[in-house]
Structure formats: C-alpha cells, structure tokens
Amino acid sequence: MPIDNKLLTAINEQVNAEFQAALIYQQLSYEMDALSLPGLRDWFASQAVEEQAHAAKFAQHLLDRGEKVALHTIEVPELTINTALDAFQAACDHEKKVSAMIRDLALIADEVKDLDSRSLINFFLDEQIEEEATVSEIVDQLKLVGTDGSGILRIDARLAGRPTGQEA
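Residues numbered from 1 in each chain as written. Predicted model: local features only at pLDDT ≥ 70, side-chain atom pairs only at ≥ 80, totals over all residues. Heavy atoms only, no water.

Caption draft 1: The arrangement of the pattern of salt bridges in detail. A complete count under the given rule lists six salt bridges for this structure. Between Asp42 and Arg41 there is a salt bridge; the shortest N-O distance is 2.8 Å. Classification of Arg41 by relative accessible area gives partly exposed; the value is 25%. The salt bridge involving Arg118 is made with Asp110; its shortest N-O contact spans 2.5 Å. Asp110 sits in the partly exposed class, given a relative accessible area of 42%. Via salt bridges that share partners, Asp33, Arg41 and Asp42 belong to a single interconnected network. (Salt bridge = Lys/Arg side-chain N within 4 Å of Asp/Glu carboxyl O. Buried < 20%, exposed > 50% of the residue type's maximum accessible area, 1.4 Å probe, protein only.)

Caption draft 2: The arrangement of helix α4 (residues 118-145) in detail. With 28 residues, α4 should reach 40 Å at 1.5 Å per residue; the first-to-last C-alpha distance of 41 Å fits that figure. Considering only its buried residues, α4 is in contact with α1 (5-34), α2 (38-64), α3 (84-111) and α5 (149-159). (Helix = DSSP H or I, 4+ residues; strand = E, 2+ residues; numbered from the N terminus. Expected span 1.5 Å × (residues − 1). Contact = heavy atoms within 4.5 Å.)

Caption draft 3: Broad picture of the packing of aromatic side chains. Summed over all chains, the structure comprises seven aromatic pairs. Here the aromatic rings of Trp43 and Phe44 are separated by 5.2 Å at their centres, their planes lie at 85°, and the arrangement is edge-to-face. Phe44 matches Trp43 in its accessibility class, with the two residues each being buried. Note on Phe58 and Phe124: the rings are 4.3 Å apart at their centroids and 20° apart in plane angle, and the pair reads as stacked. Of this pair, Phe58 sits in helix α2 while Phe124 sits in helix α4; the two residues are 66 residues apart in sequence, bridging distant segments of the chain. Here the two residues Phe58 and Phe124 agree in accessibility, since each one is buried. The rings of Tyr25, Trp43, Phe44 and Phe88 are connected pair by pair, giving a single aromatic cluster. (Phe/Tyr/Trp six-rings, centres within 6.5 Å; stacked < 30°, edge-to-face > 60°.)

Caption draft 4: Region of interest: the side chain of Glu95. With respect to the secondary-structure elements, Glu95 resides in helix α3. Contact partners of Glu95, with chain neighbours within four places excluded, come to Tyr25, Gln47, Glu51, Gln128, Glu131, Glu132 and Val135.

Caption draft 5: Structural detail: unusual backbone geometry. Even without a glycine there, the phi angle at Ser36 is positive, about 60°. At Lys113, a position not held by glycine, the phi torsion is positive, near 60°. Looking at the secondary structure, you find Lys113 in the loop between α3 and α4. A residue is classified by how much of its surface remains accessible, and Lys113, at 64% relative accessible area, is exposed.

Caption draft 6: Summary view of α3. The terminal C-alpha atoms of α3, which comprises 28 residues, lie 41 Å apart, in line with the 40 Å expected from a rise of 1.5 Å per residue. Just past α3, the residue Lys113 takes up positive phi, approximately 60°.

Structure (structure tokens):
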C-alpha cells in the first residue's frame, strides 16, 4: 500500500531528525571527552549509534513500502556545554522535541488511515517514553550532586557500562 504524501513527508523528516539526534549526541560525546568524563563520553557515543539505528528503521519502513528516502542537509544546533548537566539538559530538551515529532507522526498516520505505519510509530512512542525518562533521571542526579566532583565521577563510572545502543 502506498504511503499518503503527508505521512511520507513526515516520515522522511523523522529520518533526518534521527540523524540530527545522532550528530547532537556525537557532539555531546566530544564535549564529555573534553571534560575528561569517559563514561559520559561513551554513553553519548552509544546514544549516537542508537539514533542512527532509529533513522535506519524509519528509512527501511519507507523502502519496504516502495517509497524513497529523502535525506537533506542536517544542521547541528550550537550547543553551549560547560558541564555534564549542560550536556544532559541539552539531550533532554532534544528528546522532548523528538517525542513531539513522533506523536505528530501518530496523528498523521491516524488522519490518513495508514494502519501499516502504526506498529513502527507505536514502537517509537514507547521508545521515547523510555528515552525521556532515562535522560531526565540523569539530569536529576546531576542536579542532586551539583558540583561535587566525586558525585559526578560516580555517575560517570555508572554510565560507562551502557550497552552499545545497537539493539534498537
């Protein structure tokens, strides 16, 4: 079944948004490396890989339905990162933006009666709840420890054990 043009455009925008998210997370990884926080660096790098996998999932859905994937220029917003909290707050803000985009995809799919896209979209609705919760929890923990170096290093050590992110 062909995809309605409105939904096709929105899914293509989501592919690009997921690649943008991957670039943002990669930049945050570099920022954490500059702050000598290797656990946070690796956490963000893993998140970048996961976002690329998300883009691939959306793209494959289009390809499986005989549609074209349309990549375009992807801008990375300027990020002012001085602390781990800054990085995770930026990540949290971006996850909220992505969540809103996916909710819009669900509304468009319903509007154009595209049931074939709903399982993919539902997967990502659930995924975004998890993503926002995870990042929000880390923001809360970083706020709790404030500028306490030992607290930040404990969080850094805990997040170093994150899986690669390729399972998504």
